[in-house]
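Analysis of the macromolecular model
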Amino acid sequence: MGNFQVKVQPKKYDAIIVGSGAGGGMAAYVLANAGLKVCLIEAGPNFNPAVDSKQLQNPWESPRRGASTKYRPFGDFDGCYWGWEIDGEPYTNAKGSNWEWWRARMVGGRTNHWGRISLRFGPDDFRRKSIDGLGDNWPIGYDDVKPYYDKIDRLLGIFGTNENIKSAPDGIFLPPPKPRLHELMIKKAATGIGIPVIPSRLSILTKKINDTRGQCFYCAQCGRSCKIFADFSSSSALVLPAIATGNVDLVVNAMAREVLTNKDGLAIGVSYVNKDDMQEYQVMGRTVILGASACESARLLLNSKSPRHPNGLANSSDVVGKYLHDSTGADMGGIIPELFDRKRYNEDGVGGMHVYTPWWLDNKKLDFPRGYHIEYGGGFGMPLYGFQWGIENLNGTYKVKGKQKEAGGYGASLKEDYRYFFGSHVGMAGRGETVARRDNYCEIDPTTVDVYGIPVLRFHTKYSDYEIKQAKHMKETFSEILHAMGAVITWGGDDGPEDNYGLHAPGNIIHEAGTVRMGDDPKQSALNKYAQAHDCKNLFNVDGGMFVSQGDKNITWTILALSMRTSEYIVDQLKKNNI
Amino acid sequence: MDRRKSLKVMVLGTVSSGLMLEACKTEDKKAILKKAPAKPTAEKHPGLMKEEVKKLEEDNSYTYFTSHEMQTITILCDIIIPKDRVSGSASDAKVPDFIEFIVKDQPDNKVPMRGGLRWLDMQCLNRYQNSFAECNSKQQMEIVDEIAWPKKAKPEMKQGVTFFNLMRNLTATGFYTSEIGVKDVGYKGNTPNSWNGVPDDVLKQYGLAYTPKELKECISF
């Protein structure tokens, strides 16, 4: 480091965007198409699904047969680089806190592997405080966001059906795929006990929507990211088209260190370290847009201290990092004896469930304040590492072809058992709303830096009775559905008060939000209703950070809608020279 | 075909998807690869991060099991998954090689595997004055029968049961994720197709049917 110096890029941009996932990718797309010059900074390497996806590889093409590594926690074929841990980039938990933080490092971010579950918020999801007195209302409502939901439905594509359900608003849907066999069984059993099951809403193209993206060919591998761009990934559906305008300079392996500000407190650019050459760089622009993920954007703001912003940038309210929340999660699974020895056929379908259950009850009549939806799985999945692991717990319990066998074993009889049980599994997972609270937060750890010398986050998160009671209700519901369909619970059935009814640790569901929240009151929020910083008018946030709450909905579709809304606002404000 | 043209082929629709993928296997794919911006790694491992390539190279840089251990593993694999009327054996599917790789990739398996193999040899040495691999097949099956049935195994054989459970699970996972095993178990997917719902005879078998609403709203081919 004898020649240690900061390299300032000579070009001045209209916008510097940090992060290329759903929020950053959408911002780049909108701004670039409006003719603005954009520098898009991404902390990981490039990723083009057409080239880099492992779609259609067979299990034996992975030496570990699809087993997970720290590089790909969802398995060797998964489309996401990194996850629960990243070499050289630690984070910490305060005593008693157990936040689990998923971090993607790649162009497109975690959208390359997500479940494509694309649920609009309902009108009530923007105003929960008015309903139950908990948390806060958003400064905007469904009517403000609906036009953007409509636009992204058309722009990016989503299948589903209009069901006229208030908590799951209608959209502009492509036709959904027909339910699989176990999904028909779930539907029959659940609806029989008063639990609705409707076609799922996934951003997968069952019909062609434009000339740059293909039509789904039903390989069930959206998690690997689609080579013909038939699923929504920010990399393929936003970043590549944005670059094609000629208005975007993409900088990869660039870890943002700080948002730079001038003496007036306005943002003037971003400093970053290049992970390849370990040199320090600065890029300058008229606006700075953070889409680094809720927690990384909060970290960046808290690390951007200056005389004008002594508590971190955009943080005179002291809310940056606060109100951190994730979806709740609990799950259960079993086997369906009726499906033993099934006829074989290809039931891959799309990458994910073909049906789901939207929230169907009234919380006023329950002992927990917020709802959840249910996601379903099962069927003939591709055999991968862990295939029928633990068969010794199964094959002594059920008759195989009419014959009671001893558990465990070996030989031709064991091979018969593997065939017999294949495709009989069913699983379900609840995803619910957490009440966002100020005392669940992340902050800068005063003692720890990452390998780039950037101070890291320390988390303080804990679930309350609201979430624990909701998990208990999930488990009771799953048990009822499984019972009604004649399934036998094989996992997730033993949870109780001692382990919060199997409630996953906060962060584990990978829907982090709330750390840079919007609001009308600058003392209670970091951003205004356009996700523009109260304290710094040319600074914006376009990821889950701006969320006040997140309903029981997976947050990506709302990140996309709000990022588009903010980006159009930025275009307008730049044209008017207001920022 | 340049990238734009190949994209056009891709978006023609479902039927052409398979053709596209076939086409892309040849020269078109090379063209796409060449034009791909700033690839993360060398051609040898497309789509892998450099950290992943390093891990693979580390895993493959040494041999963990001794030849005696590999001999024992191979015998056990083929006892667990032998050739039968449907498919070949675990060693036909190269499961021992998979086990060698996976214990290096998931080092937590190293001690249970090495220790379990030694436990088995010591049992055989005490009983038959030979290592497991050197025992005759009757002796081998005698000891296997004492550790292969978790619920009826004697308490003093529980360590052996734990080891055999691990062997069974690793062998099955290696076998059913091999080309032979996938065919055996009858997985039909991983190929471009048009999902048109559950086949009629299967619906009938389970007394199920699609509703008129589903038939109207869902995509059909």
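Residues numbered from 1 in each chain as written. Chains lettered and ligands numbered in written order. Predicted model: local features only at pLDDT ≥ 70, side-chain atom pairs only at ≥ 80, totals over all residues.

From N to C terminus, chain A includes 10 helices and 17 strands. Against the 2.2 N^0.38 benchmark of 25 Å for 579 residues, chain A shows a C-alpha radius of gyration of 24 Å, consistent with a compact globule. Principal-axis analysis of the C-alpha atoms gives chain A an extent of 80 × 50 × 50 Å. Excluding contacts between residues fewer than 6 apart, the proportion of contacts in chain A whose partners are at least 24 apart in sequence is 73%. (Helix = DSSP H or I, 4+ residues; strand = E, 2+ residues; numbered from the N terminus. Rg over C-alpha atoms; globule rule 2.2 N^0.38 Å. Contact = placed C-beta atoms within 7 Å.)

The partner chain A presents 73 residues to the 70 residues of chain B that form the contact. With six residues, helix α9 (residues 158-176) of chain B is the largest single contributor of residues to the side of chain B that touches chain A. Its residues assigned to classes, the side of chain B that touches chain A comprises 39 nonpolar, 17 polar and 14 charged. (Nonpolar A, V, L, I, M, F, W, Y, C, P; charged D, E, K, R; others polar.)

Regular strands place their side chains on alternate faces of the sheet. Residue and element names in this part refer to chain A. Direction of pairing for strand β6 (residues 254-261) relative to strand β7 (residues 267-274): antiparallel, over a ladder of seven bridges. Across the sheet, the residue bridging to Met255 is Val273, located in β7. The antiparallel hairpin formed by β6 and β7 contains five residues in its connecting segment, where Gly265 sits at a positive phi of about 85 degrees. Where β7 lies against strand β8 (residues 280-290), five bridges are found, and the strand directions are antiparallel. (Pairing = 2+ DSSP bridges.)

Core analysis: the biggest nonpolar cluster contains 131 residues, and Ile16(A), Ile17(A), Ala28(A), Val38(A), Ile41(A) and Val270(A) have the highest contact counts within it. Residues contacting Val38(A), with those up to four places away along its chain left out, are Tyr13(A), Asp14(A), Ala15(A), Ile17(A), Ala28(A), Leu31(A), Ala32(A), Asn247(A) and Val248(A). Grouped together as the second largest cluster of nonpolar side chains are 43 residues, Ile391(A), Tyr410(A), Ile99(B) and Met167(B) included. (Core = buried A, V, L, I, M, F, W, Y, C linked by C-beta atoms within 7 Å. Buried ≥ 20, exposed ≤ 12 C-beta atoms within 10 Å, placed from the backbone.)

Residue and element names in this part refer to chain A. With antiparallel pairing, the six strands of this open sheet are ordered in space as β4-β10-β11-β12-β9-β15. A single partner strand is all that each edge strand has here, and the edge strands are β4 (198-199) and β15 (488-491). Sheet analysis places strand β9 (residues 328-335) next to β15, joined by three bridges and oriented antiparallel. Paired with Gly333 across the bridge in β15 is Trp491.

With that out of the way, let us pick up helix α6 (residues 234-244) of chain A. Residue and element names in this part refer to chain A. Within α6, nine of the 11 residues are buried, which leaves it mostly tucked inside the rest of the structure. If you check which residues of α6 are buried, you get Ser234, Ser235, Ser236, Ala237, Leu238, Val239, Leu240, Pro241 and Ala242. Structurally, α6 contributes buried residues whose contacts are with α1 (22-33), α2 (49-52), α4 (142-156) and β5 (248-251). Within two residues after α6, Gly246 carries a phi angle of roughly 80 degrees, on the positive side.

The next subject is the packing of helix α5 (residues 67-80) of chain B against helix α6 (residues 95-105) of chain B. Residue and element names in this part refer to chain B. Taken N-terminus to C-terminus, the directions of α5 and α6 make an angle of 125 degrees; their axes are 9 Å apart at the nearest point. If you check the angle between α5 and α6, you find them oblique. Crossing angle aside, the handedness with which α5 passes α6 is right-handed. Taken together, the residues of α6 that come into contact with α5 (itself represented by Met70, Ile73, Thr74 and Cys77) are Val95, Pro96, Ile99 and Glu100. Among the residues forming the contact of α5 with α6, the class breakdown is six nonpolar, one polar and one charged. (Axes fitted to C-alpha atoms, helices over the stretch in contact; angles between N-to-C directions. Parallel < 35°, antiparallel > 145°, perpendicular 65-115°, else oblique. Left-handed = near helix turned anticlockwise from the far one by under 90°.)

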